[in-house]
Amino acid sequence: MSSALIIGSGVSGLTSAVLLAEQGWQVTVLEAHAIPGGLMQRFRRGPYWFDTGFHFITGGGPNGPFRPLAERLGILKDIQFLKHDVKSQFRIHVPNEAPVDLPTGIDESEEACCTRWPEQRDALTRFFAELRGCIAQKTWLAMLVPTNTPPPTIDPNIPVTEVLDRCGVHGLAKEVIGCLAGILAMKPEFTPMGLFSAFAGTSLAGSYRAEGGGEAIINPLVARLKEHGGKLLTNRAAARIHFDEREITAIEDVKGNQHVADLYLATCHPAEVMRLTGPGGMRPSLEERIRDLPDSDSVVLVYAALSAAPTELGRSHHFAQMKGSNDLYYLSPSNFYDEEKLPYLEAMVWISGDSVAQWRGTAKGKRPADYEAWKRAREQEILGEITKLHPSIAGTITRIWSSTPLSVYDYVRSRNGSAMGLSHNVGHIGTDPLPRRNRLKNLFFAGQNIGHPGVLGAMIEGFVIAGATVGKDLSVN
Ligand SMILES: Cc1cc2nc3c(=O)[nH]c(=O)nc-3n(C[C@H](O)[C@H](O)[C@H](O)COP(=O)(O)OP(=O)(O)OC[C@H]3O[C@@H](n4cnc5c(N)ncnc54)[C@H](O)[C@@H]3O)c2cc1C
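Residues numbered from 1 in each chain as written. Predicted model: local features only at pLDDT ≥ 70, side-chain atom pairs only at ≥ 80, totals over all residues.

Caption draft 1: Highlighting the site of the ligand. Near the ligand lie 39 residues; those nearest to it are G8, G10, G38, H55 and G447. Only α1 (11–22), β5 (57–58), β15 (298–306), α12 (405–412) and α13 (455–470) provide two or more residues apiece to the shell around the ligand. Each residue belonging to the shell around the ligand can be placed in one class, and the counts come to 22 nonpolar, 14 polar and three charged. Of the residues that make up the shell around the ligand, three or more belong to each of domain 1 (3–48 + 212–294 + 421–470) and domain 3 (297–412). (Near = placed C-beta within 6 Å. Helix = DSSP H or I, 4+ residues; strand = E, 2+ residues; numbered from the N terminus. Nonpolar A, V, L, I, M, F, W, Y, C, P; charged D, E, K, R; others polar. Domains from an automatic or database assignment.)

What follows is the structure in structure tokens.
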């Protein structure tokens, strides 16, 4: 029997783990944290359950790519999708004008844009044709567009703003479409069109919440893993990778146990792999590249308990711009239920992990007063922006919690608390992928830290890596 040791129990690690275990492999997942899930973990404050990362599943619609993958993994039956507002799946707030509502569906969103900016209809039609062409080129996502969709005429490695310019989309229309890059913690001027098409495409096609948040996906994956005889070891960070000339000989965990397997998958940040191997685990050129590549942005997330349901937010995902052109994303998860729930909202802004550089190395629960003051100021900025747009929420905020890049680092050990691993910008791994294997031939890099981000992206990653390992397409039974 072949065996695999997987570092990390995020979506990507668990997806590969379930598939390999189901193929008869002996699988062990080592997880540093006390609970599995990586960025899909939830945490509790009083009567509230909040999500660390998860807000919606892109491509989660009835005809989207997420459901067949979840079905194949045996977890679809466990996920209850929550209804969103199909006419206003995304509400984008723009200064001094009515918000722009993007409905569910790529065609519907195109039509909404053409209705809002009729003078740009031809340009928008050109842009959406390029978007569909790029989506259709990705086998996993091709089901979102008609099979005879022509390929794009533009290079998918150029930034989305350049594609919008070439198509003639300008002004507010360009800003509104470009802001969808924010779903990826990216800016449109740096986001390769190919990556944008995957994200914007799957988001527009249907971005569903799930009852129970990230755990709704993680817990059933863990259950399937165990049913197939796999093991998940939490509070067991990989502490050292032992290797000889060309391959890993064992991975040692924090408790000093040595784990030996035929194959090792690392879904953690590649800088963490470098730390675990020490010098010589990768070719010097790759070590240098990982050191030099910037990380994706990190995040400040604010959770606010409310005394009344924020009905104005409806069941939409909201985007707005804050001062300094940071993208602000917010929603009220409690609004997505038919029955009454304790009302609350979640809001997030992407920021550089370096914003908290001076407090790195401080321990959770013992951070200094100036860090706490910095956090309070970010909370006020974010909630101030939301209450400016929705004054009815202002008097209803009863309690506030927040997380910062330091929290993201504590959760998943991504360098600088990066939300999506290494930067996916044009010229970084978005257009110039890192190799999945390097010096140590039984080690594969996997997961969003090096590959596709997002729940769907990380799940696809898990399928691709497990499929490559066993040498067959595991997406079909
Ligand atoms: C704030 C935020 C909001 C987001 N919102 C959405 C959203 O709404 N929709 C969406 O699709 N995506 C969203 N994402 C992205 C999505 O959460 C991620 O793309 C996905 O969860 C990544 O999964 P992964 O398995 O690749 O990585 P991770 O979840 O980072 O998993 C890596 C795992 O490796 C573990 N690990 C690290 N080092 C070690 C070690 N030495 N030993 C053992 N274990 C180790 C970590 O603890 C972690 O569990 C969001 C991300 C963030 C940060």
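Caption draft 2: Layout of the sheet that holds strand β20 (residues 443–445). Taken together, five strands build an open sheet; the order of strands is β10-β2-β1-β14-β20 and the sheet is parallel. Edge strands, defined here as strands with exactly one partner in the open sheet, are β10 (231–233) and β20. Between one strand axis and the next, the sheet turns through 20 degrees on average, direction left out of account. With three bridges connecting them, strand β2 (residues 26–30) and β10 associate as parallel partners. Paired with T28 across the strands is K231, a residue of β10. (Pairing = 2+ DSSP bridges. Axes fitted to C-alpha atoms, helices over the stretch in contact; angles between N-to-C directions.)

Caption draft 3: Molecular detail of the domain arrangement of the chain. What the domain assignment lists for the chain is domain 1 (3–48 + 212–294 + 421–470), domain 2 (90–205) and domain 3 (297–412). Spacing between the C-alpha centres of domain 1 and domain 3 amounts to 28 Å. Taken together, the seven residues of domain 1 in the interface contact six residues of domain 3. Classifying every residue of the side of domain 1 that touches domain 3 gives three nonpolar, three polar and one charged. (Contact = placed C-beta atoms within 7 Å.)

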